[in-house]
Amino acid sequence: MVSQTLARILVFFTSAAILVIEILAGRLLAPYVGVSLEVFTAIIGVILAGISLGAWLGGKVADRVDPTLLPGPLLVAGGVLALVSPLVVQLVGPAAGGSPGSIVVVTALAFFAPAAVLAAVTPVVVKIRLTTLAETGSVVGGYSAIGTAGAIVGTFVTGFFLIASFPTRPIVAGVGVLLIVGGSVLIVSRSRWVMVAVAAIGCLSAFVVASSNGPCLYETTYHCADVLADEARPSGRILVLDRGHNSYVDLEDPTYLDFRYTNVMADVIDVDLAEGPLDVLSIGGGGFTFPHYLDATRPGTSHTVLEIDSDLETIAQTHLGFTDQADVVAGDARATIADIPDDSVDLVIGDAFSGYTVPWHLTTVEFNEIVNSKLRSDGIYVINVIDEGGLEFARAAANTFRGVFEHVAVIAPPEYLAGLDGGNFVIVGSQAGLEINAILDRIRSRGGIENAIEGAQLEDFIGTAPILRDDFAPVDQMIDSG
């Protein structure tokens, strides 16, 4: 017979373990399918489906066999499946596409089974503890509350402490080993050899999982990060975040801008803003390319970078030559921008990404109005967005700019603007005016192929696209539907 105390511990711990796995799933999947609303939707849906099926099957099995035999094996099986989940992601993740269906499939292969097995513990424990129908409500309700409390604790501990303190795979290994050891203890009185076998399997699996670094050189609070050397340019370094090449820095020549869109941004800055030092605000740091560039081309520039991932500053200092070219403010830009004085900056650079998507709350008309309030009357806001296909997001982002700024232009290769191809679009907004012809002349002088549209051409490009607002900015879906 399982005591009441032990029963409560089992329900609490297994419910907590499910939520730990759910939160960590996003970090394990990010290098392969990115970080987007679709990814988190898939994780939540798969885990809930696992909980649903596990609770149903657990209850049915507990009605047909002696339920006191089940908690130990369920914990062991759940622990083994938890340990295996990172290896499954590492095996099938590289073949995953970016469609919602493929994301759900990869998520289900890795995380459905551990959620289902661990969810089966609660109905089994309820069956064990239910001795009379007169107590059905209090027993079922009590263990439901305990399970919910465990899920809450697992969520808070993982989100606020574990992820900030340890790499993902050792956390998964720790949870898996605890489950296996706990299950082994429950069944030891019946089969000692089983405990020895599963403990050995658990320790071996934990070693494999914990010693596997996966695809990341650094696992930050928000990203799987790596720094690659450019084989064609010995001093070039590429910052890779999750699936994409995020930034490029030349350690010997900070004026060398490898990415097409960064060259376009530099053209806009150098044409539209007077020579000399600037007061600059960057939304998103990445590899801190523009702090390097502006420090070299406009000595004396004051540069503040709002970067949610504080570990990127450390990576940049270690690998990308970043020193004191900018002041870095750690935190979500939507919150930290409030500390920037109004009418204090000449230039705002928007280059914040979560995977291939600009975080939705940094795309809305309300945020653009905040940015506008920080700019001086002749300042400019230049932002990088990625889109393809029908360009639903790029068109909406341009229309949202137009809702705040008097002068707006979109700069991209002609085939992008025509919807024949996709990639990086540079959107520029200003209240004072834009020197579009001069910008195009500068682009052509360095061999660039981009075109710029404004006025009537911009109207045609935007079409019927909506203005993005805080209560309606489905950025991930807009990109996926393109």
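Preceding block: the structure.
Read on for an overview of the structure. (Residues numbered from 1 in each chain as written. Predicted model: local features only at pLDDT ≥ 70, side-chain atom pairs only at ≥ 80, totals over all residues. Heavy atoms only, no water.)

The next thing to look at is the overall build of the chain. Each helix and strand counted, the chain has 18 helices and twelve strands in total. Projecting the C-alpha coordinates of the chain onto the three principal axes gives extents of approximately 80 × 45 × 40 Å. Nonlocal contacts in the chain, meaning residues at least 24 apart in sequence, comprise 74% of its contacts between residues at least 6 apart. Split by element, the accessible area of the chain, about 20300 Å² in all, is 59% carbon and sulfur. Put simply, the chain has 23 plus and 51 minus side-chain charges, and the middle of one group is 14 Å from the middle of the other. (Helix = DSSP H or I, 4+ residues; strand = E, 2+ residues; numbered from the N terminus. Contact = heavy atoms within 4.5 Å. Areas by Shrake-Rupley, 256 points an atom, 1.4 Å probe, with all protein chains shown as cover. Lys, Arg positive; Asp, Glu negative; His and termini not counted. Charge placed at Lys NZ, Arg CZ, Asp CG, Glu CD.)

Residues Leu 29, Val 33, Phe 111, Val 125 and Tyr 143 are the most contacted members of the largest nonpolar core, which totals 50 residues. Where this core is concerned, the elements lending two or more residues are α1 (4-33), α2 (37-64), α3 (71-92), α4 (100-119), α5 (121-129), α6 (136-165) and α7 (168-187). Here the element with the most residues in this core is α1; it accounts for 14 residues. When residues no more than four places from it in sequence are discounted, the contact partners of Phe 111 are Ile 21, Ala 25, Leu 28, Leu 29, Val 46, Ile 47, Ser 85 and Val 89. Residues Val 345, Val 358, Leu 417 and Ala 465 belong to the second largest nonpolar core, which totals 45 residues. (Core = buried A, V, L, I, M, F, W, Y, C linked by side-chain atoms within 4.5 Å. Buried < 20%, exposed > 50% of the residue type's maximum accessible area, 1.4 Å probe, protein only.)

Here we take up the packing of aromatic side chains. In this structure the tally under the stated criterion is twelve aromatic pairs. Ring plane angle 15° and centroid distance 5.0 Å describe the contact between Tyr 381 and Phe 401, whose orientation is recorded as stacked. Note that Tyr 381 is positioned in strand β9 (residues 375-387) and Phe 401 in helix α14 (residues 392-402), a separation of 20 residues in sequence. Phe 401 carries the same exposure label as Tyr 381, and that label is buried. Measuring from ring centre to ring centre gives 6.1 Å for Tyr 381 and Phe 405, while their planes differ by 50°; the resulting arrangement is tilted. With Tyr 381 in strand β9 and Phe 405 in the loop between α14 and β10 (407-412), this pair connects stretches of sequence that are 24 residues apart. Judged on exposure class, the residue Tyr 381 and its partner Phe 405 are both buried. (Phe/Tyr/Trp six-rings, centres within 6.5 Å; stacked < 30°, edge-to-face > 60°.)

Between α1 and α3, the shortest axis-to-axis distance is 10 Å and the interhelical angle comes to 10°. Between α1 and α3, the crossing angle belongs to the class labelled roughly parallel. Here Leu 10, Thr 14, Ile 21, Leu 28, Leu 29 and Tyr 32 of α1 lie close against α3, whose contacting residues are Pro 71, Leu 75, Ala 82, Pro 86, Val 89 and Gln 90. Its residues placed into classes, the contact of α1 with α3 shows ten nonpolar, two polar and no charged. (Axes fitted to C-alpha atoms, helices over the stretch in contact; angles between N-to-C directions. Parallel < 35°, antiparallel > 145°, perpendicular 65-115°, else oblique. Nonpolar A, V, L, I, M, F, W, Y, C, P; charged D, E, K, R; others polar.)

This part is about the pattern of salt bridges. With the rule as written, the count across this model stands at 13 salt bridges. The salt bridge involving Arg 446 is made with Asp 267; its shortest N-O contact spans 2.7 Å. Placement of the pair is Arg 446 in the loop between α16 (436-445) and β12 (451-453) and Asp 267 in helix α9 (residues 260-272), with a sequence separation of 179 residues. For Arg 446, a relative accessible area of 35% puts it in the partly exposed group. Residue Glu 459 is joined to Arg 402 by a salt bridge in which the shortest nitrogen-to-oxygen separation is 2.7 Å. Placement of the pair is Glu 459 in helix α17 (residues 455-462) and Arg 402 in helix α14, with a sequence separation of 57 residues. Among the ionic contacts, a cluster of salt bridges with common partners joins Asp 267, Asp 270, Arg 298, Arg 442 and Arg 446. (Salt bridge = Lys/Arg side-chain N within 4 Å of Asp/Glu carboxyl O.)

All right, on to the sheet that holds strand β8 (residues 345-350) then. Across the sheet, which stays open at both edges, the eight strands sit in the order β7-β6-β5-β8-β9-β11-β10-β12 with mixed pairing between neighbours. Edge positions in the sheet fall to β7 (327-330) and β12, since each has one partner strand and no second. Adjacent strand axes in the sheet meet at a mean angle of 20°, parallel and antiparallel pairs treated alike. Its contacts with the sheet put helix α13 (residues 365-374) on β5 (279-283), β8 and β9, and the angle it makes with β9 is roughly 145°. Where α16 meets the sheet, its contacts fall on β10 and β12, and the angle it forms with β12 comes to roughly 165°. (Pairing = 2+ DSSP bridges.)

Residue placement: Gly 159 occurs in helix α6. Gly 159 sits in the partly exposed class, given a relative accessible area of 42%. In this structure, the C-alpha to C-alpha distance between Gly 159 and Ile 23, residues 136 residues apart in sequence, is 7.4 Å.

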